[in-house]
Structure formats: structure tokens, C-alpha cells
Amino acid sequence: MSQWEALKQQDTKYLEQLDDLYQDENFPMAVREYLAHWIETQDWEKAKTNYSLATIHYQNLLDQINIQYSRFIQEKKFVCQHNFKRYRQNMQTVLGKTQPMDSERHQDIEQKITGLRNGVQACEQELKFLEEQQDEFDFKYKTFKFQELNSSSQQVEEEMKVLQNMLNILDNNRKKVIDKFSEFLKEAGELLDTLVKEELADWKRRQQKACIGAPVDVCLDQLENWFTANALCLFQVKRLLKKLEELGIKLTYDKDPFKTQRPDLEKRVVTLLTCLIKSAFVVENQPCMPVQSKMPLVLRTSSQFSVKPRLLVKLPEVGNHLIKVKACIDKNSPNGKGYRKFNILGTYTKAMNMMESKFGGLCADFRHLQLKEQKSGIGGKGSNEASLIVTEELHVISFETELVHQELSFVLETCTLPVVIISNASQLLSGWASVVWYNMLCSDPKNLLFFSSPPLAPWSQLSEALSWQFSSNTKRHLDADQLNMLAEKLFGAQQKYAECCITWAKFSKENLPNQNFSFWLWLQGILELIKKYLEDIWNDGNIIGFLSKRRERSLLKKMPTGTFLLRFSESCKDGGITFSWVEHLPNGEPKIRSVQPYTKNHLINIPLSEILRFYKVMADENVPEHPLLYLYPDIPKDEAFGKYYSDSQAGLQNNKYLRTRLIVVSERPSTDIPAEEMVDECHLEDEYHLEDIEISDLMELLATDPLT
């Protein structure tokens, strides 16, 4: 239980104090509620005296708020989404004095966008002034022409000088306007490069990491604001250049800059707009089956999946027009022999709409698509030329649409990250391994033959991805010690794992030494065991989990008798957990005892907390002892696990039957045997609470069922 949950269970008078504490909206109670686990794992005491650490904590807090905001968007929790957006803005305003590197870069973009807006306004003002000048020249020129016949030659000459001077000024101002537009387009182009080549590319890489569990922000609101602002400025410039064309038609002359330079400016605007609009068409939510939300990009034939493309440009006029998006699969896929082909079933054409009005973007939300494999008379599944098995084949779903705005037509296309298509649930974990490996090491969605020659994975990257598997499914990531144990399992005992690399085959295909399963399947079995049976205990940090027997002995041998720890079995394919404790012989020599691992077959019947609570060892003369006293390093067992215990007295008074309890008992061997060979036996132990049973009831029980 988190500290926050414990606080909420206090008496009313303390809850009132808690309510008063959070009256200040600078740090809202909802943020404390949703980010409780993360907040309670940070070292705030050290941050009070360490400015650099405080800065990092502040930025991480904003990131966590952004991540939670993204979750609300995905879960369509409108009110929470609205509130967290406001919290983020308020906290940035109040605490925005500290500017980490990303914030400084984003602030620079905001300044450039402000500069673009000011530049457009300046161009528009210059154009109005220029139009007034041209109208004045036009009026005087027509007046001169009308009075020319009735004027003396000297008057005509003087008027001509005045008109020529006006025309020179007009020509000079036209050149200045052209220069302003040219400078504006240069700045707009530089900003577009930053948005597309840096910010959008960075978002796409973050999205890849998020797909495989990374706790990163993939909210598109900020990018959408930047793309929209840039697009609005460019469309405004396009309208102003059209106005220049009209002014040029009314008045032109030799070397008129409106005639010689304006067409080039218009081409540049169209080029920039085309690049911007095409780049702004992205896949916001990658393909995912609802039942496997933690494993996106793995799709099963005949099972529904969802995917959502989005246009990061919100133009008021565009939202009122019907924009149809069509989905297709493998538009440019490899044509190797045996490479499977699929059809998309369901509603594969949808209209884009402005989701959630002010807070959302222009999206096409495909929710009920399915894939069906095409029948082929040549080759077979997995028999393509690249020798790829089914779960190594990569396929891409693409989207096409057309946007028409201000006499311009943009043909837009975007595609998903590569997906793995399976036909059987047994292929799920292998498919997920492919998704993790690809998105960890590759950022080219067109590289569909990635697994024909998969690259090695550096441990520095792989260890991070493995930790994400746990943090995305539970509330706890893998720490450095746990990752070191996994590295030792893969590479053997050594000092510098950061320099090690692992092959794709060793990661997911080849069996571990002396086992009939791979490293990946072993790890996923443990994760599944945690999710179903051990999540609370795991989240609270009570399971060390990944620990070699050598390291286990090193930790326990110096501890008092009865100190125990929990670790995962290295020999169970579907996940197993065991506990080991230390005993000391009369001569002081430590002995490490371990039990046979508990698997889902055990834990489905009795929770691990109950096993630990009642676990006994049969000592001399068959006297049972409780050997588990302290959770490593020194936490009393009941203090560590008491909150998980079931209420043993519930319902006893109205129950005439003597209740039974499933407990676990081990027999201490008469001679020392290897710890891993020490076996558990399960028994039903009758439990009597005479003080809670009426004597008459007891006599009745004994008379009818003497003692079973």
C-alpha cells in the first residue's frame, strides 16, 4: 500500500488537515493521487539541498504529468484530460524558472513561431501601405493623362518628374516587400526543418519506445500547435502573394519585382506547405488488439484491432469538409516467394473529424478492422526467400487521403510501424519479441526485411527495454542489481556488461543451457506470474526476484537465522517463485535452505502471502517450526506481508463446520542436501478456535463427525 493510500484511510480530522494542505492549486491533489507511486520513489530530501537534482525532479514530474495526460486521452477520460492539461500549464507557469535542455529548445521554437506571426503581420501592413501608394500613383497618373493636352510643356515635364519619383519610390517599396516575404519564407523553412527533422522525428522515436513499454510522453498537442501555427502563417502569406499578383496586374513596368520575383516566392510557399501538410499526417495510435493493449503491433488474423491516423494541422475551414481516409496493407511489401499477403476487412474507409473539439485533433479512428490472409498456391507460411518465420515477417498498414485548401490539393499518405501478424495465440510472445527487437534497434518503417539479417543488441539498450516490460505492466521497473543478474544469465559472470551484445537468436530462439525454453519465454513467464498472482508484493519491492544462487548466498550468509528473500526460479518456463532462508548450525556455519518453486498451479489455490504466513518446517520429533522470520534485510515477516493476509476470523461465529486451511510444510532432511532439491508438500491442516465456538455446538460436531 502506498503512503498516499494509507493517508486516505486516516480519521476524519486528519483528512481535513490533508484537504487543507492541498488547497493550493500549485500542486493539485489529483496529481498526488495519480502519480503516488512515482512520487514516493523519488529522493525529495536530497533534492531540497541539491539544485541540479531538484531541476531533474521538476522536469521528470512534468514528464509524468504528460504521460498521465496521454493515458487519459487514450482512455477517453475527457474531464481528467482537461484537468491534467490545466495542471501542466499552471505548474509550468509557476515553476517555469528552471529550463532544462528540452524546455529551452521548445522555448526557442515558440519564439520562432511568435516571430513568424509578427512577420506575417508586418508583411500585411507593408502590403496595405504599398497598396495606398499605388492607388495614389494611379490617381495622379490618370489625372495627369486627363490634363496633359491642356498643360504647357513645362508643366508636363514637372508632372512627369513627380510621377517618376513616385514610381521610383513605389518600385523601391515593392522590392522591400518582396525581400520581407523572402526573409519570412527563409525563417518558415528553417522552422519547418526543425519541426519535421528534429521534433517530429524525435516524437516518432519516442512513440517506438512507448510501444515497447517506455514511460515517455507521446502526446501530440504541442506538435499540433506548432504545425498549425506554421501552416496558418504560410497560408496567410500565400493569400498575400495573391494580393501582390493583383497589384502587379494593375500596375507593372520593366523589371517589376512583382513580375520577376513573386512567382518564385509563390512556388516556395507551395513547396513549404506541401512538405508541412504531408509531414503532419501521422499515426497517433499504432495498431493494437483491445485484449492485448500492452502488446501493440502484434495482430492476430480474424481478431479486431484499432488504429488512428491524425493530421497535425487544425485549419478552421478544413474541419467543416469531409476528408476520407482509406486504409490498406502491404502497399510496398516484399514480393518474395511465400511472403504472406493479407486483406483488410471491416470499415477501412473513414471520415476524419475533429475529435473532442478544442482538446483533440483531426483524426480518423479505425476501431474494428480485421486481417485475413490471402490464399496462395505457391510456397507456404514462413517459406519466403528471406527464410523468415511467421513472427519475423513485418507488414505495414498505410493510410491515404486528400486535402484541398486554398486552391491547393495535397495527397497525403502515412503508415504504421511494422506489425507482426499471427494466426495462433501460441505465437503471441514470439511476435512480441520481434516487435521489441525491431523498435529497439530500427527506426526505418520501410525495412520490412529487418529480420533477414537482424543486428546485435547492445546490453545498454536491451537492459532498458527489458526493464520497460516490467514498468509498463506493473508499477516497478528492474533495478541495476536485477539487470545484472539477467546480464550474467546471458553473458556469464564478468565485470563490464555495457560492452556486451546479444544476437537475436540467443535472445528469443535458442534455448537456455540445460533448459527447453529461451531467455525471452522465461522472462515473459515470470512477468505473467507477477501480473496474475504477485503484483502487489512485487510493486511494494518485497521480491528481489532476479538473483543468482551465488549472489543469494552472499546476501544471506551474514544475516541472522530466519532471514529470507524471494527470487524467481531459473528452471520454470511459465514462471516460478521460491524463497530461501538462512540457518546457522551449532558451530555457526550458515546453511541456505530453499523450497521448490511455486508456479501458477500453486498460486491459483493459495496466495504467496499465505504460504509465507503459515510455512513450516518439520524439525526433530516432527515438531513444526516457522523458519521465516525477517524479509531481507531486516523487516519482520508480518510487518512486510501482514497487509496481504486474509482475515482468518471472518464468518467463524455462524459456521458450524471446522474450517480447513491449505498450508505448506517442508521436512528438514536428516543430512544436508543441495538447497534446490528441498521439496515442499501441501497438507490440509484442521484449524480449531475453541474460544470462538459454543460448547454445545462443539459437542454436536463431535457427536456427528468425531474428528476428520
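Our structure is the block above this text.
## Regarding the overall build of the protein chain
Phase 1 of the analysis: Per the secondary structure count, the protein chain includes 22 helices and 23 strands.
Phase 2 of the analysis: Looking at the protein chain as a whole, 45% of its 708 residues qualify as buried.
Phase 3 of the analysis: Relative to all contacts within the protein chain whose residues are 6 or more apart in sequence, the contacts with residues 24 or more apart total 69%.
Phase 4 of the analysis: With an accessible surface of roughly 37,100 Å², the protein chain has 50% of that area assigned to carbon and sulfur atoms.

## Notes on helix α18 (residues 549-556)
Phase 1 of the analysis: Buried residues of α18: Glu552, Leu555 and Leu556, and no others. When α18 is viewed along its axis, its buried side chains cluster within an angular range of 85° and face the same direction.
Phase 2 of the analysis: In this structure, the buried side of α18 is in contact with β15 (563-568), β16 (577-584) and β17 (590-594).

## Some thoughts on the side chain of Arg593
Phase 1 of the analysis: Residue placement: Arg593 occurs in strand β17.
Phase 2 of the analysis: Judged by relative accessible area, which is 7%, Arg593 ranks as buried.
Phase 3 of the analysis: In this structure the side chain of Arg593 is engaged in a polar contact, spanning 3.4 Å, whose partner is the side chain of Glu583.

## Considering the pairing of strand β10 (residues 397-405)
Phase 1 of the analysis: Of the strand pairs in this sheet, strand β4 (residues 324-329) and β10 are connected by four bridges, and their pairing is antiparallel. For Lys326, the partnering residue across the bridge sits in β10 and is Glu400.
Phase 2 of the analysis: When β10 meets strand β11 (residues 408-415), the two strands line up antiparallel, connected through eight bridges. Paired with Ser398 across the two strands is Cys415, which belongs to β11.
Phase 3 of the analysis: In sequence, β10 turns back onto β11 through a hairpin of two residues, with Gln406 there showing a positive phi of about 50°.

## Focus: a negative patch on the surface
Phase 1 of the analysis: Together, Asp179, Glu183, Glu187 and Glu190 give the surface a local cluster of negative charge.
Phase 2 of the analysis: Position of Glu187 among the secondary structure elements: in helix α9 (residues 153-211).

## Observations regarding the packing of helix α13 (residues 428-441) against helix α14 (residues 459-473)
Phase 1 of the analysis: Where α13 contacts α14, the axes come no closer than 11 Å and their chain directions differ by 130°. As the angle between them shows, α13 and α14 are arranged oblique. In this structure, the crossing between α13 and α14 has a hand that is right-handed. Contact with α13, carried on its side by Trp432, Val436, Trp437, Met440 and Leu441, involves Gln461, Leu462, Ala465 and Gln469 of α14 and no other residues of that element.

## Describing the packing of aromatic side chains
Phase 1 of the analysis: Evaluated as defined, the whole model comprises 24 aromatic pairs.
Phase 2 of the analysis: Between Tyr34 and Phe84, the aromatic rings sit 5.7 Å apart at their centres with planes inclined by 85°, giving edge-to-face as the arrangement. Within this pair, whereas Tyr34 is found in helix α3 (residues 29-34), its partner Phe84 is found in helix α7 (residues 78-95), the two being separated by 50 residues in sequence.
Phase 3 of the analysis: For Tyr34, a relative accessible area of 38% corresponds to the partly exposed category.
Phase 4 of the analysis: Relative to Trp581, the ring of Phe579 lies with its centre 6.2 Å away and its plane at 40°, an arrangement referred to as tilted.
Phase 5 of the analysis: Relative accessible area serves as the criterion here: at 0%, Phe579 is assigned to the buried category.

## A short note on the sheet that holds strand β6 (residues 349-351)
Phase 1 of the analysis: An order of β6-β4-β10-β11 is seen for the four strands of this open sheet, with the pairing classed as antiparallel. On the outer flanks of this sheet lie β6 and β11, each paired with one strand and no other. For this sheet, the mean angle separating the axes of adjacent strands, direction not counted, is 20°.
Phase 2 of the analysis: Against the sheet, helix α12 (residues 262-279) touches β10 and β11, its axis set at about 35° to β11.

## Concerning the sheet that holds strand β21 (residues 635-636)
Phase 1 of the analysis: Strands sit in the order β17-β16-β15-β20-β21 across an open sheet of five strands; the sheet is mixed. Every interior strand has two partners, whereas the edge strands, β17 and β21, have only one.
Phase 2 of the analysis: Strand direction decides the pairing type here: β15 and strand β20 (residues 630-631), joined by two bridges, are parallel. Each bridged residue has a counterpart across the sheet, and for Thr563 the counterpart in β20 is Tyr630.
Phase 3 of the analysis: Packing of helix α17 (residues 519-539) onto the sheet brings it into contact with β15 and β16, and relative to β15 it is tilted by some 145°.
Phase 4 of the analysis: Each of β15, β16 and β17 is contacted by α18, which is oriented at about 165° to β15, the strand it contacts most.

## Here's the deal with α17
Phase 1 of the analysis: Over its 21 residues, α17 runs only 23 Å from end to end, short of the ideal 30 Å by more than 12%, given 1.5 Å per residue.
Phase 2 of the analysis: The sharpest bend along α17 reaches about 90° and sits at Tyr533.

## So, the pattern of salt bridges
Phase 1 of the analysis: Under the counting rule described, the total for this entry stands at 31 salt bridges.
Phase 2 of the analysis: A salt bridge links Arg206 to Asp202, with the nearest nitrogen and oxygen atoms 2.6 Å apart. Of this pair, Arg206 and Asp202 both sit in helix α9, four residues apart, roughly one helical turn.
Phase 3 of the analysis: For Lys331, the salt bridge identified is with Glu400, shortest N-O distance 2.5 Å. With Lys331 in the loop between β4 and β5 (342-345) and Glu400 in strand β10, this residue pair connects regions lying 69 residues apart in the sequence.
Phase 4 of the analysis: Accessibility expressed as a relative area gives 42% for Lys331, which makes it partly exposed.
Phase 5 of the analysis: Ionic contacts of the salt-bridge type, sharing partners, join the residues Asp221, Glu224, Glu284, Lys308, Arg310 and Lys314 into one network.

## What to know about the pairing of strand β3 (residues 305-311)
Each regular strand displays side chains that alternate between the two surfaces of the sheet.
Phase 1 of the analysis: For β3, the buried fraction is high: six of the seven residues fall into the buried class.
Phase 2 of the analysis: The pairing of strand β1 (residues 281-288) with β3 spans five bridges and is antiparallel. Bridge assignment links Phe281 to a residue of β3, and that residue is Leu311.
Phase 3 of the analysis: In this sheet, strand β9 (residues 366-373) lies alongside β3 in antiparallel orientation, the contact comprising two bridges. The partner of Phe305 across the bridge, within β9, is Leu369.
Phase 4 of the analysis: Of the pairings in the sheet, the one linking β3 to strand β8 (residues 362-363) comprises two bridges and is antiparallel in character.

Parameters at a glance
- Residues numbered from 1 in each chain as written.
- Predicted model: local features only at pLDDT ≥ 70, side-chain atom pairs only at ≥ 80, totals over all residues.
- Heavy atoms only, no water.
- Helix = DSSP H or I, 4+ residues; strand = E, 2+ residues; numbered from the N terminus.
- Buried < 20%, exposed > 50% of the residue type's maximum accessible area, 1.4 Å probe, protein only.
- Contact = heavy atoms within 4.5 Å.
- Areas by Shrake-Rupley, 256 points an atom, 1.4 Å probe, with all protein chains shown as cover.
- Arc of directions from axis to C-beta.
- Polar contact = N/O pair within 3.5 Å; in protein donor to acceptor, adjacent residues only side chain to side chain.
- Pairing = 2+ DSSP bridges.
- Patch = residues over 30% accessible without salt bridge, like charges linked within 9 Å, V, L, I, M, F, W, Y side chains within 5 Å.
- Salt bridge = Lys/Arg side-chain N within 4 Å of Asp/Glu carboxyl O.
- Lys, Arg positive; Asp, Glu negative; His and termini not counted.
- Charge placed at Lys NZ, Arg CZ, Asp CG, Glu CD.
- Axes fitted to C-alpha atoms, helices over the stretch in contact; angles between N-to-C directions.
- Parallel < 35°, antiparallel > 145°, perpendicular 65-115°, else oblique.
- Left-handed = near helix turned anticlockwise from the far one by under 90°.
- Phe/Tyr/Trp six-rings, centres within 6.5 Å; stacked < 30°, edge-to-face > 60°.
- Expected span 1.5 Å × (residues − 1).
- Bend = angle between axes of the 7 residues up to and from the residue.

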